[in-house]
Amino acid sequence: MNDLTLQKARAYEAEHGAAISPAERPAYHMTPYVGWLNDPNGFSYYKGKYHQFYQYNPYDVRWAPMHWGHAVSTDLLHWEYLPCALAPDSPADNGPGCFSGSATQMDDGKQLLMYTSVVAEKQPNGEMRDIQTQSIAIGDGLDYEKPACNPVLTQKDLPEGFSKFDFRDPKIWRETDGTYSAVTVCLAEDGSGAAVLFQSKDGFDWHFVTVLERCNNQYGKMWECPDFFPLDGKQVLMLGPMEMLPKGEFHNGHNVIAFIGSYDEATHTFTRENVQLMDGGIDFYATQTTLAPDGRRIMTAWLQTWSDTEDKPQGCKWFGQTICPRELHIKDGRILQTPVRELDAAHGKRTFHENVTVQSETALEGIKGRVADLAVRVQPGEYRSFTLKLAADADHHTSLTYDPYTSELTLDRSHAGSRADIVHSRSCKVRSQNGALKLRILLDKNSIEVFANDGEQTMTAWIYTPQSADGITFAADGKATVTAEQFELDL
């Protein structure tokens, strides 16, 4: 590693990242070392640690030519920052930079990164356009080299009519026979997204295999950040549609959806059986999964969405964070999400209230805080709505409201410190249980993650509420019987 662009980034982050104290960061959600973070990349287990790379601009809290930031963890909660892994410094990526990608391990023990390389190219009409190709880098978990063979996939490897301008986000994995596979997304000839499968014997020489799935202008336009993996006897294709129109559980704008189905490895045929929205909240995008050593399928994501990236706290030194990683399972044809079990080991002081009757706004002794794991169970009863306020003081709060007649759960962060007129409220349907509801809520300094009915639905959002706003209250229109259990988190 002797490139000046990468050395400059490493020197800058070493000085300015070290100046950000742990008190200025969330307690257990990963942020960039300094500057800007968007998509998590290269989420993997390598040399005894979880590695999480991320789209990164160390120099500012805004998007700019993309680097790859890098952090490692043994428990998915505490992250140690390593030096910047990739910089836009090669002929294949010396313009807008090194876009999203993934990681796997090679036979010789080295780690293989595969990412989208982007350069600006003058078109026949004189217009400058960004061309997207796929490149690789090989390293030891700290330093990475880009081989001369880059890019390893270009438009010539795509079906006729597929775009060279929108061809990105490779997710790489090893097959049981040791060969390499990768799924990318591309804009197809019909002007909407497609997921494309490639394979390689050695990780260097890649070839087209098949188009796994097409959008057909049904789920947004271009797709991003694909993932393709087996889960509990099914096969999942997860990706991020852009420019969605609202329909059913899908909201407008950027979504993350999962196609659940079956996969014939011999013919490389994916058969879709079901599709679901992966998060019904406000800030959730760019998912990526990895397989833990114990066999768990674990997912991370960007705890943000593109439509509200201009809304930042004044004077912030970092921007963007990732979710608390989640374990995935399938039950009754639907993916369930639960916080990684490592979080349970961080449980500290327990506060428990059982079968409390709630009517007007009520605080329960010991239930408060901004870094906590809170479980709430509402029993069936004679109430018309139930509201939980979090991160609350006289001027601020974020609320969860449940309507038992429509089975609709609404997350509203309108009073959570934002000064921008963006999306602050979103609702999702939960499974009707005659008014019963189970919630698990992860609170951190700058975020809320909600898991309804054991992870059947999730809702995620950032909040900028002052840290002194740590109240939690319960209220019902009518009478609701509530059980609440809160664990402080020792982190």
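Everything numeric here is computed off the predicted structure, so don't read it as measured data. (Residues numbered from 1 in each chain as written. Predicted model: local features only at pLDDT ≥ 70, side-chain atom pairs only at ≥ 80, totals over all residues. Heavy atoms only, no water.)

Student: Mind laying out empty space enclosed by the protein, listing which residues take part and the relevant values?
Tutor: Enumeration according to the criterion identifies two cavities of 30 Å³ or more in this entry. Approximately 60 Å³ is the volume found for the largest cavity. Lining the largest cavity are Pro-40, Asn-41, Ser-100, Gly-101, Asp-169, Pro-170, Lys-171, Cys-225, Pro-226, Thr-287 and Gln-288. Ranked by residue count, the leading element in the lining of the largest cavity is strand E9 (residues 167-174), at three residues. In the lining of the largest cavity, the residues fall into four nonpolar, five polar and two charged. Put simply, the second largest cavity is a space of about 40 Å³. Forming the walls of the second largest cavity are Gln-276, Leu-277, Met-278, Asp-279, Gly-280, Arg-334, Gln-337, Glu-456, Gln-457 and Thr-458. Counting residues per element, the ones that place at least two in the lining of the second largest cavity are strand E16 (269-277), strand E21 (334-339) and strand E30 (457-462). Of the residues contributing to the lining of the second largest cavity, the split by class is two nonpolar, five polar and three charged. Mapped onto the domain boundaries, the lining of the second largest cavity takes at least three residues apiece from domain 1 (4-340) and domain 2 (343-489). (1 Å grid on protein atoms, 1.4 Å probe; cavity = no way out; pocket = protein on both sides within 12 Å on 5 of 7 lines; lining within 4 Å. Points joined across faces, edges and corners; volume = space filled by probe spheres on them. Helix = DSSP H or I, 4+ residues; strand = E, 2+ residues; numbered from the N terminus. Nonpolar A, V, L, I, M, F, W, Y, C, P; charged D, E, K, R; others polar. Domains from an automatic or database assignment.)

Student: Break down the layout of surface pockets for me, citing the residues and quoting the values.
Tutor: Its boundaries defined by the atoms lining it, the largest pocket holds a volume of some 670 Å³. If you go around the largest pocket, you meet 24 residues; those closest to its centre are Ile-172, Trp-173, Arg-174, Leu-291 and Arg-297. Among the elements of the structure, strand E1 (35-46), strand E5 (97-105), E9, strand E13 (223-231) and strand E17 (285-291) are those that each provide at least two residues to the lining of the largest pocket. A volume near 390 Å³ is recorded for the second largest pocket. Glu-24, Pro-313, Trp-318, Asn-446 and Tyr-464 are the residues nearest the centre of the second largest pocket, which is lined by 22 residues in total. Tallied by class, residues from the lining of the second largest pocket come to 11 nonpolar, seven polar and four charged.

Student: How would you sum up the sheet that holds strand E20 (residues 326-331)? Please name residues and give values.
Tutor: Pairing within the open sheet is antiparallel, and its four strands lie in the order E17-E18-E20-E21. Each of the sheet's edge strands pairs with one partner strand only, and the pair in question is E17 and E21. Looking at each pair of strands side by side, their axes are set apart by 40 degrees on average, direction ignored. Where strand E18 (residues 297-302) meets E20, two bridges bridge the pair, whose relative direction is antiparallel. Of the residues in E20, the one forming a bridge with Met-299 is Arg-326. (Pairing = 2+ DSSP bridges. Axes fitted to C-alpha atoms, helices over the stretch in contact; angles between N-to-C directions.)

Student: Please give an account of unusual backbone geometry that cites residues and values.
Tutor: Cis geometry is adopted by the peptide bond preceding Pro-151, which originates at Asn-150 and carries an omega value of -5 degrees. Phi at Cys-225 takes a positive value of approximately 50 degrees, unusual for a residue other than glycine. Residue position: Cys-225 is located in strand E13. Residue Cys-225 is classed as buried on the basis of its relative accessible area, which comes to 8%. Residues other than glycine seldom take positive phi values, yet Asp-454 does so here, at roughly 60 degrees. By the secondary structure assignment, Asp-454 is in the loop between strand E29 (447-452) and E30. (Buried < 20%, exposed > 50% of the residue type's maximum accessible area, 1.4 Å probe, protein only.)

Student: A description of the domain arrangement of the protein should follow, citing residues and the corresponding values.
Tutor: For an interface, size is often stated in terms of accessible area lost upon the parts coming together. In terms of domain boundaries, the protein breaks down into domain 1 (4-340) and domain 2 (343-489). The gap between the C-alpha centroids of domain 1 and domain 2 is 31 Å. Taken residue by residue, the interface counts 37 residues in domain 1 and 36 residues in domain 2. Between domain 1 and domain 2 lies a buried interface of about 2,700 Å² when both sides are counted; carbon and sulfur atoms form 52% of it. Among the residues of domain 1 in contact with domain 2, Tyr-28, Ile-282 and Asp-311 are the three that bury the most area, contributing 24% of the side total. Viewed at the interface, domain 2 and domain 1 are joined by three salt bridges. Between Arg-326 and Glu-449 there is a salt bridge; the shortest N-O distance is 2.8 Å. Our enumeration of links across domain 1 and domain 2 arrives at 29 residue pairs in polar contact (both at pLDDT 80 or more). For the side of domain 1 that touches domain 2, the elements supplying multiple residues, two or more each, are strand E19 (318-319) and E21. Among the elements that take part in the side of domain 1 that touches domain 2, E21 stands out by supplying six residues, more than any other. Here the side of domain 1 that touches domain 2 is composed, by residue class, of 19 nonpolar, 10 polar and eight charged. (Contact = heavy atoms within 4.5 Å. Buried area = accessible area lost by both parts, 1.4 Å probe. Salt bridge = Lys/Arg side-chain N within 4 Å of Asp/Glu carboxyl O. Polar contact = N/O pair within 3.5 Å; in protein donor to acceptor, adjacent residues only side chain to side chain.)

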